[in-house]
Amino acid sequence: MKNYPYPYPWKGLPGTAEETQYLGWRLSEMSVRERYLLEGASQLQSVDTAADLINLTEQLDSFSLCLGATDNAALGAYAARYREKIPEKRISLLDTARWGRDLRERHGGVFTSGGFVEQTSPLQQRYAAGDSLSRLTAGDAAMRLKLASAHCPDGVWLMLPDHEPVTGEPDELAAAREALGVTGWNGAVLLEAKCCLWNITNPARQYATLEQLIDAGNNLGYVLEEQGQGMPCFDEYFRAAMELEGCTRLDEALDITQNLHCYDLIPSEEYWGKFDRRIAERSGIVDPNSAAAPYFDYAAYCKSEIERLGLKRCADGYIARNDQAFLHEFSESAPREQSLSLM
């Protein structure tokens, strides 16, 4: 794989020392798929400064990758196979080169070393020179794994979750396997594992196989994206419940996400203006359409609930376990240390 971002020598871009340092870190931990996306995005967008490139790396989800489609014929075959679901035996009867050329001209994308990249949504100004680098998402991965193989001993990064089960198109897992030169994970070894949850510091030791670790990273990513099916204060609930339980294992954290109904939570005071009304209305203590609703003291209600339920102070509010049954889907009641080790 080429060094990125293509075709810009990023160390020579005008910017601050902090921006250059950030780019060095961000590019060094980009997944295979992210690198292909950036290779294409940097050809589709102007990059004149380090700030421009940082802004672009924050919006790689505004671009799509047709993995392996590096010419017109491969692009046409990709569209037939993954988007139109045409049986494999019929694809050979198609003029895939003409189909691919028409798609490229229609969508205005570019071929890269890893496939065809096109822009799918407008870019925003998420970072400009002088902004704080600490607020950047750096791709918003639930987990990043650095994997190596005999074909690729230096290793590549994989970002989870993988969305192929949803889109039906090759995604993070397929890109990583291709770069590693493996068809299954038996030929890959784990070099490093990073989880987005601050309390999960060594996820590799919790799983016996790489497949199990990848499944767990995918499950965490899906849960964080779904936000409890739109549950109010999901992030606060999740963080507070992990703090209350002293959670340090990923399997336990996954179980907590499925059992948030087992906790009573009042968010911190800073959120009362946004959520106190919803909390009171959900409890049924006030009808939002009643004449009394505009005069109800929601903050006082929150304070009384904290006292009544015996909630404990935590970083994200006040929380306690209630009497609903906690079901273990991902973890054991007495977890055991596993044997997946880092190379």
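In short, a report on the structure. Sequence order sets the numbering: in each chain, residues are counted from 1 along the sequence as written. Owing to the predicted nature of the model, reporting of local features is limited to residues with pLDDT of at least 70; listing and counting of side-chain atom pairs is limited to 80 or more, with chain, interface and lining totals taken over all residues. Side-chain metrics in this entry use all non-hydrogen atoms of the structure; hydrogen atoms and water are not considered.

1. Looking at the nonpolar core
Alright, step 1. Throughout this description, the term nonpolar core refers to a set of buried Ala, Val, Leu, Ile, Met, Phe, Trp, Tyr and Cys residues connected via side-chain atoms within 4.5 Å. Here's how the labels work: a residue is buried when its accessible area is under 20% of the maximum for its type, exposed when over 50%, partly exposed in between, all with a 1.4 Å probe on protein chains only. Formed by 74 residues in total, the largest nonpolar core has its most connected members in Leu145, Trp185, Leu197, Leu210, Leu250 and Ile256.
Alright, step 2. With residues near it in sequence (within four places) discarded, leucine 250 still touches Met143, Cys195, Leu197, Ile200, Gln206, Tyr207, Ala216, Gly217 and Leu220.
Alright, step 3. Ranked by size, the runner-up nonpolar core spans nine residues in total, among them Trp272, Ile279, Ile306 and Tyr318. Between two residues, a contact is recorded if the distance between any of their heavy atoms is within 4.5 Å.

2. As for helix H8 (residues 172-180)
Alright, step 1. Comment: elements are numbered from the N terminus, with helices defined as DSSP H or I runs of at least four residues and strands as E runs of at least two. Where burial is concerned, most of H8 is hidden: seven out of the nine residues are buried.
Alright, step 2. Glu172, Leu173, Ala174, Ala175, Ala176, Ala179 and Leu180 are the residues of H8 that are buried.
Alright, step 3. Packed against the buried residues of H8 are helix H2 (32-44), strand S1 (63-67), strand S4 (143-148), strand S5 (156-160), helix H7 (164-167) and helix H9 (210-230).
Alright, step 4. Trailing H8 by a residue or two, glycine 181 shows a phi angle of about 75°, which is positive.

3. Considering the sheet that holds strand S2 (residues 110-111)
Alright, step 1. As summarised here, the arrangement of the three strands in space is S1-S3-S2, forming an open sheet in which the pairing is antiparallel. Both outer strands of the open sheet, S1 and S2, are each paired with one neighbouring strand and no more. Two strands make a pair as long as DSSP finds a minimum of two bridges between them.

4. Comments concerning the environment of glutamate 236
Alright, step 1. Within the secondary structure layout, glutamate 236 lies in helix H10 (residues 234-245).
Alright, step 2. Glutamate 236 gets classed as buried once you look at its relative accessible area, which sits at 10%.
Alright, step 3. Glutamate 236 sits 158 residues away from tyrosine 78 along the chain, and the two C-alpha atoms are 41 Å apart.
Alright, step 4. Setting aside residues up to four positions removed in sequence, glutamate 236 forms contacts with Leu265, Tyr271 and Asp316.

5. Let's talk about the packing of aromatic side chains
Alright, step 1. Pairing of aromatic side chains here covers Phe, Tyr and the six-membered ring of Trp, requires ring centres within 6.5 Å, and sorts the geometry by plane angle: under 30 degrees stacked, over 60 edge-to-face, intermediate tilted. On inspection of all chains with the given rule, the structure shows five aromatic pairs.
Alright, step 2. Directly above the ring of tyrosine 318 sits arginine 313, whose terminal nitrogen or CZ lies 4.6 Å from the centroid. Note on geometry: a ring has a charge over it if NZ (lysine) or CZ (arginine) is within 6 Å of the ring centre and within 35 degrees of the ring normal.

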